[in-house]
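Close look at the chain arrangement
Here is how the chains run, residue by residue.
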Amino acid sequence: MGSVWCPIVHVYLIIALFSSSALAEDPYKFFTWKVTYGTIWPLGVPQQGILINGQFPGPQIDSVTNDNIIINVYNNLNEPFLLSWNGVQQRRNSWQDGVFGTNCPIPPGTNFTYKFQMKDQIGSFFYFPSMYFHKAAGGFGGIKIVSRPRIPVPFPEPDGDITLLIGDWYKASHTALRTMLDNGKSLGNPDGVLINGRGSNGYSFTVEQGKTYRLRISNVGLSSSLNFRIQGHKMKLVEVEGSHTVQNFYDSLDIHVGQSYSVLITANQPPQDYHMVASTRFTSPILTGLGILDYSNSRKGVSGPIPSGPTTQIDWSVNQAKSIRRNLTSNGPRPNPQGSYHYGNIAIAQTFKLANSAPLISGKQRYAVNGISFINPDTPLKLADYFHIGGLFTLGGIPNNPDGRSPYLQTAAISAEHRAFIEIVFQNNENTIQSWHLDGFNFFVAGMEGGEWTLASRKSYNVFDAVSRCTTQVYPKSWTAVLLSLDNPGMWNLRSQTWERQYLGQQTYLRIVTLGDEYDIPQNALLCGKAAGRPHTSP
């Protein structure tokens, strides 16, 4: 009998293994996006905008943890185009990051397919065009990554989920703004503030009496920190860039450039319409964008004064920032508490102290990191590194500490060790607020204080429940320190989220290399500059 049944058992075993493997594969979601110019009226006057599938803002990416995302992008503009995914970590896959240090742009009249996975991530993020100052014309949209059904979320399922993209806006075209920067001039103040593509002409969304809604709010603007608030309603903070937070209530939230927050609001006020407000912080004059929270059973429009923002400046904002902490008992994308990773007990292997500055170089306005103002070569750094093309960037060109050197232009990258636990201190000796972002990672915002950072400043760190995020603010004449493990190999952009500063050199790349732990170059990777015409194989 054994000789008769044994082959059949093997067949069943093979079928079972194949079925298990097929069921275990993570889902795929496919998108086709057509990028075009179109006329938009965000501040009541017509101007040329960048649309995706005819939409401004662009379509939202709705996904679940570990979904595979396939986006076929057709560039119908008259210049090259790139999209980047703000906060999506692209595990082992900086090939898809969508900034010029890692990707060649999509030429006009052609298409490119991005392929990446929402690996072990949840949360609220956004995408945006990363080249040629296209961000000033639109092309941005929301990204939502929800938990898998079997992973508990630390709050009841809301009755609705709404994305709000807030940001400052200029009436001038992106080409006019880019020309100003190329000529060494600063852009000056923006002209207004938008909520989902509209200024004071009003974006609105409808809620039902007694129900609770999740608002995913991202600052997709170019330069301005914004304060967001809703007339008569408190906001319960529940998530920041992929981390569940201690659920504090806020009357208003400071959301700095490039940051994303999730809050819960309950429609528990008398049935009428209410002001939604996004106004600039630390600016004169204050610019305001308005929207409407519309109760479905309302018989009364908005009334009363527009709710004012914080009356105090830096101290109020710093105190609010320090109140935002991780919820240590909740799960993240996996079924284990967020507090199971004791970052405060790990020895720091290396410290990078990075000071921003605003020098004139050859009579033109530039921005720098430790005296180095970054310039893009004609070949992405990732391709130059992969194909061993020398002379295109200087590894270690940025010193680990500001050393008082005279500022100059250079394509400089930071060499960092894979899996090292590092400290980055953002030192801001200027009078303007800064916003810093690192692609490929979340970091723990351990400390922020006024003055000059020293080793003694570590005594003030939160080494227990600091929020984990990918974008942090640095207040004027202050420092912010972050801690992170370099567990994601690749070439990763570290940049100012203030887009004028990024465009004029306040950025660099972290090069983290390990053998066999990063995905191979995609077969559809675009090759440009000195990498053009090379085979898509290891050199």
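Residues numbered from 1 in each chain as written. Predicted model: local features only at pLDDT ≥ 70, side-chain atom pairs only at ≥ 80, totals over all residues. Heavy atoms only, no water.

1. Here we look at the overall build of the chain
Operational definition: Helix and strand assignments follow DSSP, with helices taken as H or I runs no shorter than four residues and strands as E runs no shorter than two, numbered in order from the N terminus. For the radius of gyration, the atom set is restricted to C-alpha positions; the globular benchmark scales as 2.2 Å times the number of residues to the power 0.38. Contact between two residues is taken to exist if any of their heavy atoms lie within 4.5 Å; hydrogens are not considered. Computed by Shrake-Rupley with a 1.4 Å probe, the accessible areas treat only the displayed protein chains as cover when residues are assessed. His is not counted, nor are the chain ends; Lys and Arg add positive charge and Asp and Glu add negative charge. Working definition for charges: the position is that of NZ of Lys, CZ of Arg, CG of Asp or CD of Glu.
In terms of helices and strands, the chain carries 5 helices and 36 strands. Its C-alpha atoms give the chain a radius of gyration of 24 Å, near enough to 24 Å, the size a compact globule of 539 residues would have. Seen through its principal axes, the chain has C-alpha atoms that stretch 85 × 60 × 55 Å. A fraction of 77% describes how many contacts in the chain between residues 6 or more apart in sequence connect residues 24 or more apart. For the chain, the exposed surface amounts to about 21400 Å²; the carbon and sulfur share of it is 53%. Each charge class in the chain was averaged separately, 42 positive and 36 negative side chains, and the resulting centres sit 1 Å apart.

2. Digging into the confidence of the model for the chain
Threshold: pLDDT runs from 0 to 100 and stands for how confident the predictor is about each residue.
Looking at the chain as a whole, its pLDDT mean stands at 94, while 95% of the residues score no less than 70. Confidence drops under pLDDT 50 across residues 1-23; counting only partners more than four residues distant or on other chains, this segment forms 0 contacts.

3. Points about the nonpolar core
For soluble globular proteins, the rule of thumb is that nonpolar side chains tend to be buried together. Which entries qualify depends on this criterion: Joining through side-chain atoms within 4.5 Å is the link that ties buried Ala, Val, Leu, Ile, Met, Phe, Trp, Tyr and Cys residues into a set, and such a set is a nonpolar core. Think of it in three bands: with a 1.4 Å probe and only protein chains considered, a residue is buried below 20% of the maximum accessible area for its type, exposed above 50%, and partly exposed in between.
In this structure, Leu 164, Phe 205, Leu 215, Phe 228, Leu 293 and Leu 484 are the most contacted members of the largest nonpolar core, which totals 62 residues. Apart from residues lying up to four places away in sequence, Leu 293 is in contact with Phe 205, Val 207, Ile 230, His 233, Ile 265, Gln 272, Asp 273, Tyr 274 and Met 276. Ranked by size, the runner-up nonpolar core spans 27 residues in total, among them Trp 33, Val 73, Leu 83 and Ala 137.

4. A closer look at the side chain of His 244
By the secondary structure assignment, His 244 is in strand β15 (residues 243-244). On the basis of relative accessible area, His 244 is assigned to the buried category, the value being 2%. Contact partners of His 244, with chain neighbours within four places excluded, come to Ile 122, Val 153, Pro 154, Phe 155, Val 238, Glu 239, Arg 325, Arg 326, Asn 327, Ser 330, Asn 331 and Gln 338.

5. Thoughts on the state of the cysteines
Disulfides are covalent bonds that connect the sulfur atoms of two cysteines. Rule in force here: For this text, the term disulfide refers to a pair of cysteine sulfurs within 2.5 Å.
A complete count under the given rule lists 1 disulfide for this structure. Here Cys 104 engages in a disulfide with Cys 528; their sulfurs sit 2.1 Å apart. Taking the sign of the S-S torsion, -90° for the link of Cys 104 and Cys 528, the bridge is left-handed. Pair noted here: Cys 104 is in the loop between β5 (83-86) and β6 (111-117) and Cys 528 is in the segment after β36 (507-513), with a separation of 424 residues, a long-range link. For the pair Cys 104 and Cys 528, a shared accessibility class is recorded, and that class is buried.

6. Remarks on the sheet that holds strand β8 (residues 141-146)
Quick reminder of the rule: For two strands to be treated as a pair, DSSP must find at least two bridges joining them. Orientation is described by lines fitted to C-alpha atoms, with helices fitted over the stretch in contact, and by angles between N-to-C directions that extend from 0 to 180 degrees.
Strand order in the open sheet formed by 4 strands is β3-β8-β7-β5, and the pairing between neighbours is mixed. Of all strands in the sheet, those with a lone pairing partner are β3 (61-64) and β5, marking the two edges. For this sheet, the mean inter-axis angle between neighbouring strands, taken without regard to orientation, is 20°.

7. Some thoughts on helix α2 (residues 174-182)
Side chains three or four residues apart in an α-helix point the same way, a direct result of the helix having 3.6 residues per turn. Put simply, the rule reads: Within this analysis, the arc is defined by the directions that extend from the helix axis to the C-beta atoms.
For α2, the set of buried residues is His 174, Leu 177, Arg 178 and Leu 181. Considered in projection along α2, the buried side chains sweep an arc of 100° and stay on one side of the axis. Directly beyond the C-terminal end of α2, a positive phi value near 80° is found at Gly 184.

8. Observations regarding the sheet that holds strand β19 (residues 273-280)
The mixed open sheet is built from 5 strands, whose spatial order is β11-β20-β19-β13-β17. Here the strands that pair on one side only, and so sit at the sheet edges, are β11 (203-207) and β17 (252-255). Going from strand to strand, the sheet's axes swing by 20° on average, the running direction of each strand aside. Seen against the sheet, helix α3 (residues 314-323) touches β13 (226-230) and β17 and runs at an angle of roughly 95° to β17.

9. Some remarks on unusual backbone geometry
If a residue is not glycine, its phi is most likely negative; likewise, a peptide bond is most likely trans. Between Phe 56 and the following residue, Pro 57, the backbone shows a cis peptide bond with an omega angle of -10°. Mapped onto the elements, Pro 57 comes out in the loop between β2 (47-52) and β3. The amide bond that connects Ser 284 to the next residue, Pro 285, takes the cis arrangement and shows omega of 0°. On the secondary structure map, Pro 285 appears in the loop between β19 and β20 (288-295). In this structure, Asn 53 takes a positive phi of about 55° despite not being glycine. Relative to the assigned elements, Asn 53 resides in the loop between β2 and β3. Not every positive phi belongs to a glycine, and Asn 66 is a case in point at roughly 75°. Position of Asn 66 relative to the elements: it lies in the loop between β3 and β4 (68-75).

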